[in-house]
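Single-letter residue listing:
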Amino acid sequence: MFYDTATNDHGLPRNPLKAIVAPRPIGWISSLDRDGRANLAPYSFFNAVSDAPPIVMFSSTGYKDSVANVDATGEFVCNMANWDLRDAMNQTSAAVPHETSEFDLSGLEMAPSRLVRAPRVAKAVTALECRHLQTLRLKGLDGAETDSYVIFGQVVGVHIDDSVIVDGRVDVTLYKPLARLGYMDYAAVTEVFEMGRPKVSG
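Keep in mind that what you see is a predicted model, and the values were worked out from it rather than measured.

### Side note on the pattern of salt bridges
Moving on, step 1. Under the defined criterion, the tally for this structure stands at 4 salt bridges.
Moving on, step 2. Arg-37 is the partner of Asp-33 in a salt bridge, and the nearest nitrogen-oxygen pair spans 2.8 Å.
Moving on, step 3. In this structure Asp-33 comes out as buried when scored by relative accessible area, which is 5%.
Moving on, step 4. Among the ionic pairs, Glu-145 bridges to Arg-137, the shortest N-O distance being 3.3 Å.
Moving on, step 5. Assessed through its relative accessible area of 34%, Arg-137 is described here as partly exposed.
Moving on, step 6. One network of salt bridges, in which partners are shared, links Asp-33, Asp-35 and Arg-37.

### A look at the sheet that holds strand β14 (residues 186-188)
Moving on, step 1. Spatial ordering of the open sheet is given by β1-β13-β14, a layout of 3 strands whose pairing is antiparallel. Each having just a single partner strand, β1 (24-25) and β14 make up the two edges of the open sheet.
Moving on, step 2. Judged from the 3 bridges that link them, strand β13 (residues 178-180) and β14 form a sheet pairing that is antiparallel. Bridge pairing in β14 places Arg-180 opposite Tyr-186.

### Looking at the environment of Ile-20
Moving on, step 1. One can find Ile-20 in helix α1 (residues 17-20).
Moving on, step 2. Separated by 162 residues in the primary sequence, Ile-20 and Gly-182 place their C-alpha atoms 7.4 Å from one another.

### Comments concerning helix α2 (residues 65-73)
Moving on, step 1. All of the buried residues in α2 are Ser-66, Val-67, Asn-69 and Val-70. Each buried residue of α2 sits inside an arc of 165 degrees when the element is viewed along its axis, so together they form one side.
Moving on, step 2. Packing partners of the buried residues in α2 comprise β2 (27-32), β3 (38-43), β5 (54-61), β6 (75-80), β9 (126-139) and β10 (145-160).
Moving on, step 3. Among the residues trailing α2, Gly-74 stands out with phi positive, at a value near 80 degrees.

About the criteria used
- Residues numbered from 1 in each chain as written.
- Predicted model: local features only at pLDDT ≥ 70, side-chain atom pairs only at ≥ 80, totals over all residues.
- Heavy atoms only, no water.
- Salt bridge = Lys/Arg side-chain N within 4 Å of Asp/Glu carboxyl O.
- Buried < 20%, exposed > 50% of the residue type's maximum accessible area, 1.4 Å probe, protein only.
- Pairing = 2+ DSSP bridges.
- Helix = DSSP H or I, 4+ residues; strand = E, 2+ residues; numbered from the N terminus.
- Arc of directions from axis to C-beta.
- Contact = heavy atoms within 4.5 Å.

Next up, the structure:
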């Protein structure tokens, strides 16, 4: 099949795009507002985009609390959403009033960060402390601004639970990171395989 995204005439009950661009890692973003109130929300449009310097991004449809908080304070933490925390992560995706802390809503404990003021999820096996680089409001082909915002942050500190380090490497099969698929579907990484980069002779 083929369909034109200008008309979305795919004939399916649900838009398949997010099911095609999958799996997507989940950026579980914790931040503080100007008054020091904590916010925690998962974003499936998330990824690392550079390793030198280490830069991550997350994208929000709508100028939500996470975006406003990062713009206001210049800091955020990306926590690992994993299998054991799946229900708590899902609770933090609920649309609640600004003054409601998703940490309280989900029963998750906060832990202090080292280099930024934003807290991290205490039970998360990894967490990336980030400082804000820029917020980009996306434009479409027609040049019109959309209601989507991309936030870039440089990772300044990394937390790793020692229990997931095996032979000097982070073993993702021990904590099963979550990924977002299409619709209401998720996946967990439970096995990995290795392939070496080929060498071209001559």
